[in-house]
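A look at the structure
Here is how the chains run, residue by residue.
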Amino acid sequence: MPGHKGLGIFNMYGYGELMKNLVNMDITEISGADNLHKPKGVIKNLEDKYAELYGAKKTFLLIDGSTAGILASIMACVPTGKKILAARNCHKSVYSGTVLTKCVPTYVMPKHDKTSHVMGEITAEDVRRILEGDFRDKDEIYAVILASPNYYGICSNVEEIAEVVHRYGKVLIVDQAHGAHLKFFEKNGYVDDLKKDSVGERNIERGDRNYRYLTYPRSAESSGADIVINSTHKTLSSFTQSAVLNVMTDRVDERNIFDKLQLIQSTSPSYILMLSLDINADIIEKHGDEVFENWKNNVKRFYEQMAKIPEVTVVEDENLDWTKINLSLEKMGIDGGTFEKLLTDRGIDVELAAGNIVMALTGIGNSLEDYDKLLDAVKDIVWSIKERRKSNLRENVDCNSRESSVCDMDIRRRRSEIDADERKETCGDENSTSDEQLNKTGCKGDESMIKFSVEDSDCISVDKGFSIPKPGEYIGQEGESAEVYLRDSMGCISKDAIIPYPPGIPFVCPGEIITEECVKRLLQLMGENKDIFGISREGKIRIIIGEDKQ
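Residues numbered from 1 in each chain as written. Predicted model: local features only at pLDDT ≥ 70, side-chain atom pairs only at ≥ 80, totals over all residues. Heavy atoms only, no water.

A few points about the overall build of the protein
Cut-off, in case you're wondering: Under the scheme used here, helices are H or I runs from DSSP no shorter than 4 residues and strands are E runs no shorter than 2 residues, and both carry numbers assigned from the N terminus. Any residue under 20% of the maximum accessible area for its type is buried, any over 50% is exposed, and the rest in between are partly exposed; the area is computed with a 1.4 Å probe on protein chains only. Only the protein chains shown count as cover for residues, with accessible areas throughout obtained via the Shrake-Rupley method and a probe of 1.4 Å.
Within the protein, the regular secondary structure consists of 17 helices and 16 strands. Counting all 550 residues of the protein, 53% fall into the buried class. Looking at the protein as shown, the accessible area adds up to about 24600 Å², and 47% of this sits on carbon and sulfur atoms.

Here it is in structure tokens:
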């Protein structure tokens with residue numbers, strides 16, 4: 001991201017000169033410019049345009065990203081100290097919202113895909129089970145919030161979830177930050193209606209890797225959600241930090257959302273960001289048919305070409321937003337971080353590398369040449385690795401027939417050595433820990449802890465994708481804080497969210513007991529130099545003291 005991918009799309013549709021003079025658009029609430037916090041002119045007209053594009057009852061412009069929309073939605077829908085049901089793989093802004101409102105989170109876990117080893121959908125049945133139990137206890141949850149698509153592009157069945165949520169009288173908030181384009185794919189007829197088709201054709205014939213029937217999930221706007229927040233900058237053509245919040249039903253008080261946005265958003269909103277939102281809406285309104293048709297066709301062609309490269313597979317799911325290209329390196333035997341570096345060396349930046357998966361986030365501004373560049377890079381990397389492995393195997397001693405058994409043993413030994421060397425070169429030696437890594441975990445001099453964290457973890461192995469440890473019990477967020485080393489934190493109550501990023505999904509949320517499993521997994525990620533919010537350079541975290549765990 002961002003979805004515009006640079007000047008290309010703006011030049012194509014007549015905004016090139018404007019982009020060169022953006023500094024002159026950096027204005028404030030002068031005459032004719034309207035006011036975001038009391039819109040009645042051009043800003044109100046733009047909100048109305050987005051409401052029409054998305055089929056919303058009311059749209060609010062966001063200049064502090066989807067984060068602002070999520071915070072305002074939680075504050076507007078959940079009274080202080082009450083409960084919210086949140087998907088555990090929500091973005092970190094949801095957990096920030098629980099801190100601001102002091103609401104009590106209850107979590108519904110996403111399904112784990114056993115084939116791709118990524119986090120999948122939230123099911124309506126799991127939501128029903130939790131809401132039913134909560135309703136019986138008379139301690140009602142006020143709202144349900146989930147991300148769809150999730151970070152990998154897997155969508156939940158929002159229509160089924162909405163039916164359950166509304167049956168129990170709750171509000172459904174959908175963080176569609178990664179799916180701002182889905183409504184327009186839907187308008188152009190690319191949605192997955194094949195499940196209801198009497199012909200019964202699937203959207204993918206997996207056995208033949210035939211992408212002829214590539215179709216997309218429905219948008220949350222068309223599936224019964226009450227509030228939908230879209231990061232238009234992630235996949236569409238507005239600038240980073242711009243987004244929109246769509247109110248879809250009368251279950252939500254528009255005025256209350258507006259009031260909460262006053263508390264969250266800057267009183268000096270960026271007119272450059274709002275201008276980019278205007279340009280984005282204009283491109284969709286005037287050129288949408290062409291833009292989304294090209295995008296769909298380019299993605300389809302990419303998958304068709306990738307099917308010819310058996311060494312690298314694509315993650316397939318019937319609920320997948322196919323604009324998120326998830327490449328699995330499991331067959332190649334290398335990790336996503338290594339593959340990401342090899343792509344970067346070839347001029348390609350990807351959105352995510354986790355475990356043995358690399359995710360490339362396509363956008364409205366990607367050209368056919370961009371997809372071809374990625375394809376060529378994948379082919380080149382596969383060829384290079386295969387050639388290196390062939391070269392290594394040719395170094396084996398040429399034994400004669402009398403020594404065939406010895407030769408076979410030597411070849412097997414040599415292959416094992418080669419594989420081990422390659423793993424060290426590409427992934428690092430998992431049995432060695434540098435002083436730098438030890439310092440980062442705060443565990444210097446305690447090699448047993450590092451070994452324990454890597455080898456004895458009962459989480460899903462990191463080389464199989466990004467997994468979320470089972471959360472600890474929620475105790476509460478009140479109390480003084482103190483710092484401890486992560487390795488010493490098991491059983492403590494976390495003051496902050498501890499979040500590996502990407503993908504921005506908390507392992508530990510504020511007010512939760514830190515479990516042994518979480519400590520193991522986090523130490524493992526730290527040893528791999530992953531970015532983790534909530535842990536200091538010294539390997540320390542903040543815990544709550546003075547809380548009674550009983």
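Right, picking up where we left off after that structure.
Regarding the sheet that holds strand β6 (residues 227–230)
Our working definition: Note: two strands are recorded as paired if DSSP finds a minimum of 2 bridges between them. To obtain each axis, a line is fitted to C-alpha atoms, and for helices this fit is confined to the stretch in contact; angles are then taken between N-to-C directions over 0 to 180 degrees. The contact criterion used is simple: two residues touch if any of their non-hydrogen atoms lie within 4.5 Å.
Pairing is mixed across the open sheet formed by seven strands, whose spatial order is β1-β7-β6-β5-β4-β2-β3. A single partner strand is all that each edge strand has here, and the edge strands are β1 (58–62) and β3 (104–108). Averaged over all pairs of adjacent strands, the angle between their axes in this sheet comes to 20°, without regard to strand direction. Across five bridges, the pairing between strand β2 (residues 83–87) and β3 is parallel. The residue of β3 that forms the bridge with Leu85 is Thr106. Docked against the sheet, helix α6 (residues 124–136) engages β2, β3 and β4 (141–147), running at close to 140° with respect to β3. Each of β1, β6 and β7 (243–247) touches helix α10 (residues 254–264); the most contacted strand, β1, lies at about 5° to it.

A look at α10
So the rule is basically this: Along the arc lie the directions from the helix axis toward the C-beta atoms.
Among the residues making up α10, those that are buried are Ile257, Phe258 and Leu261. Considered in projection along α10, the buried side chains sweep an arc of 100° and stay on one side of the axis. Away from its buried face, by an angle of more than 90 degrees, α10 presents the exposed residues Arg255 and Leu263.

Describing the environment of Glu528
Tracing the backbone through its elements, the reader meets Glu528 in the loop between α17 (516–527) and β15 (532–533). Between the C-alpha atoms of Glu528 and Gly337, which are 191 residues apart in sequence, the distance is 9.8 Å.

Some details on the sheet that holds strand β11 (residues 357–361)
One open sheet holds the four strands; their spatial order is β8-β9-β11-β10, and the pairing between them is antiparallel. At either margin of the open sheet sits one strand with a lone partner, and together these are β8 (313–314) and β10 (352–354). The pairing of strand β9 (residues 324–328) with β11 spans five bridges and is antiparallel. Paired with Asn326 across the strands is Met359, a residue of β11.

Concerning the pattern of salt bridges
Rule in force here: Basic side-chain nitrogens of Lys or Arg form a salt bridge, by our definition, when they fall within 4 Å of a carboxyl oxygen of Asp or Glu.
Enumeration according to the criterion identifies 31 salt bridges in this entry. Here Glu478 and Lys102 are joined by a salt bridge, their closest N and O atoms 3.7 Å apart. One end of the pair, Glu478, is in the loop between α16 (447–455) and β12 (480–485); the other, Lys102, is in the loop between α5 (92–101) and β3, and 376 residues separate them in sequence. A salt bridge links Lys111 to Asp126, with the shortest nitrogen-to-oxygen separation between them at 3.2 Å. Taken together, the residues Lys111 in the loop between β3 and α6 and Asp126 in helix α6 connect sequence positions 15 residues apart. When its relative accessible area of 39% is taken as the criterion, Lys111 is described as partly exposed. Here the residues in one salt-bridge network are Lys49, Asp278 and Glu285, joined through shared partners.

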